[in-house]
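Geometric and topological summary
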Amino acid sequence: MEDVVLKVKNLNVEFGDEKIIEDLSFQVKRGEFFIILGANGAGKTTLFKALLGLIPYKGEIIFDLKNLKIGYLPERLSRAKFKELPISIKEFYKFKEDSIEKISEMLKFVGLKEQKFLEREPGSLSSGQFQRMLIGWVLLGDPQILFFDEPTTGIDIGGEETIYFLLQKIWQEKKLTILLITHDLNVVYGYSTNVLCLYKKGLCSGPPREVLTPELLERLYGSKIKFYKHIH
Amino acid sequence: MDIQFILSLITAIFIGGVAGYLGSLMITKKMALVGGPLGHLALPGVALALIYHYDIFLGALLSIAAGAAVIWFLGTKTKLSMEALTGVVFAAGVALGFLILPLSRAKEALIGDITKIGLIDTSLAIILGLAVFLLIKKIYSNMILAGISEDLARTGGVNVKKYNFIYLVCIALIVALEVKIVGILFTVALLVIPAAASRNFSRTLSRYSSGALVIGIISAILGILFFKLSGFPAGPLIILTGTLIFIISLFFKK
């Protein structure tokens with residue numbers, strides 16, 4: 001049996017009287033590229049926050065990992081926040097990692113190769129560079145499981161592809177378990193091993209080519225959606 | 001040079017430096033102005049201390065703590081924002097303070113009087129100043145991280161609530177210590193001006209925070225020297241020296 005690293009059973013999350021997530025159960029296996037798909041307001045970010053223990057929930061969330069180390073990239077971490085701060089990328093990375101060598105290595109890994117990036121201010125990077133810098137930061141400290149919440153929001157189309165390419169490189173080279181929230185169906189077909197379609201209880205779960213039927217996508221997004229499966 | 005002068009100089013150096021350092025964190029968290037109402041809240045306690053001849057620092061600290069407790073309590077009773085509640089409580093605190101403040105000593109309460117500083121004040125400034133400095137140094141990077149994203153800090157294992165509490169206690173301590181030097185009117189200045197000036201000189205966090213500390217110390221030394229030379233009150237002179245450094249920093253803006 002493949003080992004399960006995350007098991008969620010009968011998860012319920014409420015804000016006041018509103019049920020955001022209802023009786024949701026699923027599991028994630030080691031080394032999976034697991035995508036959570038759903039329309040705006042379907043509860044994707046809420047699900048992440050519950051899994052990370054950032055909001056109260058009912059039900060079971062079990063991580064089966066020794067010395068659990070999680071890497072998390074929240075949605076819409078803005079460059080604007082960094083622009084107000086006098087801080088270099090080196091200093092930001094030092095919050096998590098003391099060794100300059102490891103910091104330089106990580107910056108290279110995410111494609112910020114030149115030495116000058118160490119001293120650059122995060123607020124002065126382009127949107128794509130900024131997001132890659134954040135992904136590198138998330139990877140510091142050798143996390144075993146990664147949570148990415150819409151990492152391409154606000155990035156132009158060319159930049160989006162390089163971000164997804166980077167995530168795939170992380171998945172392949174570092175053999176990590178990745179959970180990714182997106183509404184980009186291209187990514188789902190291109191990269192994921194399993195997909196969870198979220199609408200409160202969860203509408204589907206399984207490999208994307210098996211579970212994502214046109215009828216289901218219509219229910220998920222609420223309108224006719226045109227998408228043609230890539231044939232590789 | 002007389003002992004009293006040296007004591008007041010040492011006291012101002014410690015409080016000015018640590019206030020600048022702490023202020024550098026407050027500016028990044030957009031909390032720079034909190035030092036104002038907190039300082040004003042000290043007035044009733046300072047007035048009582050002047051009447052009953054106990055230490056102004058103690059009066060200021062108790063008064064600020066009581067004010068903060070009232071704000072917290074009202075917060076649990078209404079849906080009003082903290083900002084609105086702080087406004088109500090600090091205004092009431094200042095009004096109450098003015099009713100009981102002996103007018104002959106109003107100047108000391110409002111703008112401080114370093115000639116009243118003794119050995120106990122200096123010892124307190126050194127001990128508490130160092131303690132606050134070390135605490136803030138310890139929580140600095142995690143507080144910055146929490147300012148960027150609280151979720152990011154919490155998933156990294158940072159107990160944000162605990163850190164916020166330590167941070168607020170540090171602010172209250174420094175504001176209470178400041179009263180003796182710059183009075184209740186100017187507590188915000190020692191927190192904001194050195195950090196604002198340092199921001200203009202700096203592009204890295206380490207330079208910014210250490211710069212605020214150094215500018216706080218320089219303002220304190222020069223302000224007290226100007227006081228010695230001119231006889232004008234030291235508090236406003238320290239603030240004006242800081243302001244001058246801030247104006248100079250504008251030409252170096254990075």
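Predicted, not measured: the structure shown is a model, and the values here were computed from it. (Residues numbered from 1 in each chain as written. Chains lettered and ligands numbered in written order. Predicted model: local features only at pLDDT ≥ 70, side-chain atom pairs only at ≥ 80, totals over all residues.)

1. Some details on the overall build of chain B
Each helix and strand in chain B was counted, giving twelve helices and zero strands. Beginning at the N terminus, the succession of helices and strands in chain B can be written as α-α-α-α-α-α-α-α-α-α-α-α. Relative to the compact-globule value of 18 Å for 254 residues, chain B shows a C-alpha radius of gyration of 18 Å, a close match. Based on the C-alpha atoms only, the size of chain B along its principal axes is roughly 55 × 45 × 30 Å. Buried residues in chain B amount to 50% of all 254 residues. Once local pairs closer than 6 in sequence are excluded, the contacts in chain B between residues at least 24 apart make up 75%. (Helix = DSSP H or I, 4+ residues; strand = E, 2+ residues; numbered from the N terminus. Rg over C-alpha atoms; globule rule 2.2 N^0.38 Å. Buried ≥ 20, exposed ≤ 12 C-beta atoms within 10 Å, placed from the backbone. Contact = placed C-beta atoms within 7 Å.)

2. Quick word on the nonpolar core
Judged by nonpolar contacts, the single largest core of 144 residues is most densely connected at Leu22(B), Ala42(B), Val46(B), Ile174(B) and Ala176(B). When residues no more than four places from it in sequence are discounted, the contact partners of Ala42(B) are Ala60(B), Ser63(B), Ile64(B), Val175(B), Ala176(B), Val179(B) and Ile184(B). (Core = buried A, V, L, I, M, F, W, Y, C linked by C-beta atoms within 7 Å.)

3. Observations concerning the environment of Lys30(B)
Residues and elements named next belong to chain B. Position of Lys-30 among the secondary structure elements: in the loop between helix H1 (3-28) and helix H2 (35-41). On the basis of neighbour counts, which here come to 10 C-beta atoms within 10 Å, the residue Lys-30 falls in the exposed class. As a C-alpha pair, Lys-30 and Ala-95 span 65 residues in sequence and 27 Å in three-dimensional space.

4. Some thoughts on the environment of Ile166(B)
Residue and element names in this part refer to chain B. The topology assignment puts Ile-166 in helix H9 (residues 160-182). Sequence spacing of Ile-166 and Gly-36 is 130 residues, and the spatial spacing of their C-alpha atoms is 19 Å. Residues contacting Ile-166, with those up to four places away along its chain left out, are Leu-135 and Ile-139.

5. Brief notes about the sheet that holds strand E9 (residues 204-206) of chain A
Residues and elements named next belong to chain A. Here we have six strands laid out as an open sheet, ordered E5-E6-E7-E3-E8-E9, and mixed in their pairing. Of all strands in the sheet, those with a lone pairing partner are strand E5 (70-73) and E9, marking the two edges. Sheet twist, expressed as the average angle between the axes of neighbouring strands with direction ignored, equals 15°. In this sheet, strand E8 (residues 194-197) lies alongside strand E3 (residues 33-37) in parallel orientation, the contact comprising four bridges. (Pairing = 2+ DSSP bridges. Axes fitted to C-alpha atoms, helices over the stretch in contact; angles between N-to-C directions.)

6. Concerning the sheet that holds strand E4 (residues 58-63) of chain A
All names here are of chain A. If you walk across this open sheet you meet the three strands as E2-E1-E4, and the pairing is antiparallel. Bordering the open sheet on either side are strand E2 (18-29) and E4, each of which pairs with just one other strand. Within the sheet, the average angular offset between the axes of one strand and its neighbour, ignoring direction, is 15°. Sheet topology places strand E1 (residues 4-15) next to E4; five bridges connect them, and they run antiparallel. What sits directly across from Lys-7, in E4, is Ile-62.

7. A look at the pairing of E5(A)
Every regular strand shows the same layout, with side chains that alternate between the two sheet faces. Residues and elements named next belong to chain A. Of the two faces of E5, the one carrying Ile-70 and Tyr-72 and the one carrying Gly-71 and Leu-73 are both buried. Strand direction decides the pairing type here: E5 and strand E6 (residues 145-149), joined by four bridges, are parallel. Bridge assignment links Leu-73 to a residue of E6, and that residue is Phe-148.

8. Examining the confidence of the model for chain A
Confidence in the prediction of chain A, expressed as mean pLDDT, is 86, and 93% of residues score 70 or more. When mean pLDDT is taken per element in chain A, helix H3 (residues 89-94) of chain A scores highest with 96 and helix H9 (residues 214-221) of chain A scores lowest with 74. (pLDDT = per-residue confidence, 0-100.)

9. Re the packing of helix H4 (residues 56-77) of chain B against helix H5 (residues 82-100) of chain B
Residue and element names in this part refer to chain B. Where H4 meets H5, the closest approach of the two axes is 9 Å, and the angle between their N-to-C directions is 140°. One element, H4, and the other, H5, form an angle in the oblique class. For the pair H4 and H5, the crossing hand works out as right-handed. The residues of H5 that touch H4, namely those facing Gly-67, Val-70, Ile-71, Leu-74 and Gly-75, are Met-82, Leu-85, Thr-86, Val-89, Phe-90 and Gly-93. Partitioned by chemical class, the residues of the contact of H4 with H5 number seven nonpolar, four polar and no charged. (Parallel < 35°, antiparallel > 145°, perpendicular 65-115°, else oblique. Left-handed = near helix turned anticlockwise from the far one by under 90°. Nonpolar A, V, L, I, M, F, W, Y, C, P; charged D, E, K, R; others polar.)

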